[in-house]
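Topology and contacts: notes
What follows is the residue order along each chain.
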Amino acid sequence: MVSKSYSNLLDMTSGDGFDFRQPFKSLPRVVTSPGIISDPDWDTRSDGDSVGSASSTERKIIVANFLPLNCTRDEAGQLSFSLDDDALLVQLKHGFSNETDVVYVGSLKVQVDPSEQDQVAQKLLREYRCIPTFLPSDLQQQFYHGFCKRQLWPLFHYMLPICLDKGELFDRNLFQAYVRANKLFADKVMEAINTDDDYVWVHDYHLMLLPTFLRKRLHRIKLGFFLHSPFPSSEIYRTLPVRDEILKSLLNADLIGFQTFDYARHFLSCCSRLLGLHYESKRGYIGIEYFGRTVSLKILSVGVHVGRLESVLKLRATVSKVQEIEQKYKGKMLMLGVDDMDIFKGISLKLLGLELLLERNPKLREKVVLVQIINPARSTGKDVQEAITETLSVSERINRKYGSSGYKPVVLIDHRIPFYEKIAFYAASDCCIVNAVRDGMNLVPYEYTVCRQGNEEIDKLRGLDKHTSHTSTLIVSEFVGCSPSLSGAFRVNPWSVDDVADALCHATDLTESEKRLRHEKHYRYVSTHDVAYWARSFAQDLERACKDHYSRRCWAIGFGLNFRVIALSPGFRKLSSEYFVSCYNKASRRAIFLDYDGTLVPQSSINKAPSAEVISILNALCNDPKNNVFIVSGRGQDSLDEWFSPCKKLGIAAEHGYFVRWSKETEWESSYPRSQCEWKHIAEPVMQVYTETTDGSSIEPKESALVWHYLDADHDFGSCQAKELQDHLERVLSNEPVVVKCGHYIVEVKPQVYCLGCPKHFVISLPCWLHRALTERLIILLMHRELARGLLSTS
């Protein structure tokens, strides 16, 4: 049975593709079958299930696992909702214009009875512009606490499932739950989309399959994705059994955002090593070529809402709390840590660093206090319980060893505290330390920097005038997403307790002027690269990334998670089978040119010889007296002569046309003088050096060329060596009549031009690497031969 994806590819031979340049307002709501996109509905009337009506208002649809809502249920069981002003998804709205309609799609943190879901959905859409995705409790458990937290989250934080007794091996059932949940999210996004001007912005690793499900339904959708967590190196990521499915789904977005270049580099390496894709930087933008589409990458750390922090800092409760904290720890250097309770935050490593600091510096005892605020854990499990136990154990040991009746070196706040109280600790602390062993979006250093800027009321409370400069000190793990943007911080390796202790010691010795300089540098960056700047920058890059795609003609192919869109140039037209068959039957003379590798024989085939079926088809074509059939290949004449020896009437152009044979009975023709191959004595020794130093590479000598292959070498190393080899060969062969070209896992040295055909009748100068040019010139030569034989009229 022929698959639907295969039939789609065959359908490209008839009819026209979808032209993005056509005027288009309403979006189709129908998917005919997997892998087949229905034609767009050109009726401009909006559908009944749309959010609002088609208008000039710009709409941005923000999709995340959870809606930015506070949900509570009273004693009577009634649900009440309020917008969470501290949520990132709410704050990013400030990066858009006031006319932008922002719609949120996500799930709720409480279970809603099916009988109440319609009423709740209408209320949330009407009052908060939120479209809830109601996941059944069992699906929510498998999707979020199962696959997301047990499989993706540890892996993306560089943790491999090496302890098999903990049930950490890949569970296919959990992945199926992940797929089902992403499909439900896609259904809700489809309800929100109304016009082709709408943008969809998907957030974080919970919804990495969403781009495929959305692109499958609307292949012209404007789609961005931002990953808030780290992205692991290829050596870590490739252990995931569904690695290809997730990568391919992300590549169905137009723009993919990362916190740091390291995470983007890891993603690019995975695409290159696992999918064989190429990427390059054009005018400052990194892009991956994926089936004719250019998927852009965005690298920018998330910012904080400076105005929101400043407004909370002005609250009377906050000011009073700052005064209380400073009075309580008067005469001591107050250090602060704010972390979620999980195994990657490095809380116990931070405490061990403090313990070593106090052990080495007795003078700092009774003078340094670390207040560690621990946010509730977002996941459960044995690892989290072990981290809690370890943290409590280390803190008790430090307090018992170095504390006294009126002094505790470590103060743990392991319960939920109001936001204003956390802000007060930021403002009152002399130093903030973030010691995570691996973290993506960590905004604690940014929040601390803004709060240390203070305000007039807090400065007055401290006896400072408005001209006094503010200070702050940051100690940041080098494995945190915001670390590259904080050049004035002490960067530490959290795994090195000595490194952490040294940074803590340096923080206690800083002069006031140095503290001011560090703070000013950080505050300048944080205040200008806030959450609005981040959202606005991402939206602008998404708009830029989408422009190119709407000048292409696109076709959708593939089943399920292997779905993708093929984009071709605007001038491309599908070949009509009916028209082709009609012209074929009417023609008195026909020229048929066939490529070999990748056409007659798959590129992945181990046995490169043609099958008996291919030989039979070629003979059937050749036996028609109206046909002239040619194989056009870069392979050598010996291989092609051996493989196609049963085809007596088949013409062959070997080595990209360096040798031409019109049939089995004729001799090979070549008009390029063999005496001009002295350059091989220069190029071959150079290639030999790179072959010896690049495991998996080889040299293929041809009569017309020398080819260096590195398909079986390490991808990154082979690519690096290929670029270096190309430069080397261009230098040493600069005075030779040859050209050095990089191809698909090859570096090739060939003559610049050579003559093709029979010198007695016709001579053509041909660029040796162009198959298309070769075919055109073969057609001209063939016509010349036919005219000479009287088989073709001059008309």
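Residue positions are given per chain, counting from 1 as you read along its sequence in written order. Given that the model is predicted, a residue must reach a pLDDT of at least 70 before its local features are reported, and side-chain atom pairs must reach 80 or more before they are shown or counted; all residues, however, enter totals for whole chains, interfaces and linings. Remark: hydrogens and water are excluded; side-chain values derive from all non-hydrogen atoms of the structure.

Identification of the protein chain as alpha,alpha-trehalose-phosphate synthase (UDP-forming) from Urochloa decumbens is taken from an unreviewed UniProt entry. UniProt positions are given in the numbering used here, feature names are shortened, and annotations may be inferred rather than shown by experiment. If you open the UniProt record of the protein chain and go to Catalytic activity (unreviewed entry), you find "D-glucose 6-phosphate + UDP-alpha-D-glucose = alpha,alpha-trehalose 6-phosphate + UDP + H(+)".

Our focus in this paragraph is the packing of aromatic side chains. Between the rings of Phe, Tyr and Trp (Trp by its six-membered ring), a pair exists once the centres lie within 6.5 Å; its type follows the angle of the planes, with under 30 degrees stacked, over 60 edge-to-face, and the other angles tilted. Scanning the model with the defined rule gives 30 aromatic pairs in all. Centroid distance Y596 to F644: 5.6 Å. Interplanar angle 80°. Geometry classified as edge-to-face. In this pair, Y596 sits in the loop between strand 23 (590–595) and helix 21 (612–622) while F644 sits in the loop between helix 22 (637–643) and strand 25 (651–654), placing the two residues 48 residues apart along the sequence. You'll find Y596 and F644 in the same group, each marked buried. The helix and strand labels rest on DSSP assignments: H or I over at least four residues marks a helix, E over at least two residues marks a strand, and numbering proceeds from the N terminus. Working definition: with a 1.4 Å probe on protein chains only, accessible area under 20% of the residue-type maximum means buried, over 50% means exposed, and in between means partly exposed.

All right, on to the pairing of strand 5 (residues 69–73) then. At least two bridges found by DSSP between two strands is the condition for calling them paired. Alignment of strand 5 against strand 6 (residues 79–83), held across five bridges, turns out to be antiparallel. Bridge pairing in strand 6 links N70 to S82. Remark: five residues form the turn of the hairpin made by strand 5 and strand 6, two consecutive strands paired antiparallel; G77 in that turn has positive phi of roughly 90°.

Moving on, we get to the pattern of salt bridges. The term salt bridge refers to a pairing of a side-chain nitrogen on Lys or Arg with a carboxyl oxygen on Asp or Glu at a separation within 4 Å. On inspection of all chains with the given rule, the structure shows 32 salt bridges. We note a salt bridge from D101 to R59, for which the minimum N-O separation is 3.3 Å. Of this pair, D101 sits in strand 7 (residues 101–107) while R59 sits in strand 4 (residues 59–66); the two residues are 42 residues apart in sequence, bridging distant segments of the chain. For the pair formed by D101 and R59, the shared burial category is buried.

As a further point, take the sheet that holds strand 15 (residues 333–340). Taken together, six strands build an open sheet; the order of strands is 17-16-15-18-19-20 and the sheet is parallel. The strands lining the two open edges of the sheet, one partner per strand, are strand 17 (410–413) and strand 20 (490–492). Each neighbouring strand pair of the sheet contributes to a mean axis angle of 20°, computed without reference to strand direction. In this structure, strand 15 lies alongside strand 16 (residues 368–375), joined through eight bridges in parallel fashion. Bridging across to strand 16, L334 finds its partner in V369. Contact definition: two residues touch when any of their heavy atoms are within 4.5 Å. Whenever a helix is involved, its axis is fitted only over the stretch in contact; in every case the axis is a line through C-alpha atoms, and angles between N-to-C directions fall within 0 to 180 degrees. On top of the sheet, helix 17 (residues 497–509) reaches strand 15, strand 16, strand 18 (431–434), strand 19 (474–477) and strand 20; it is set at about 170° to strand 20, its chief contact.

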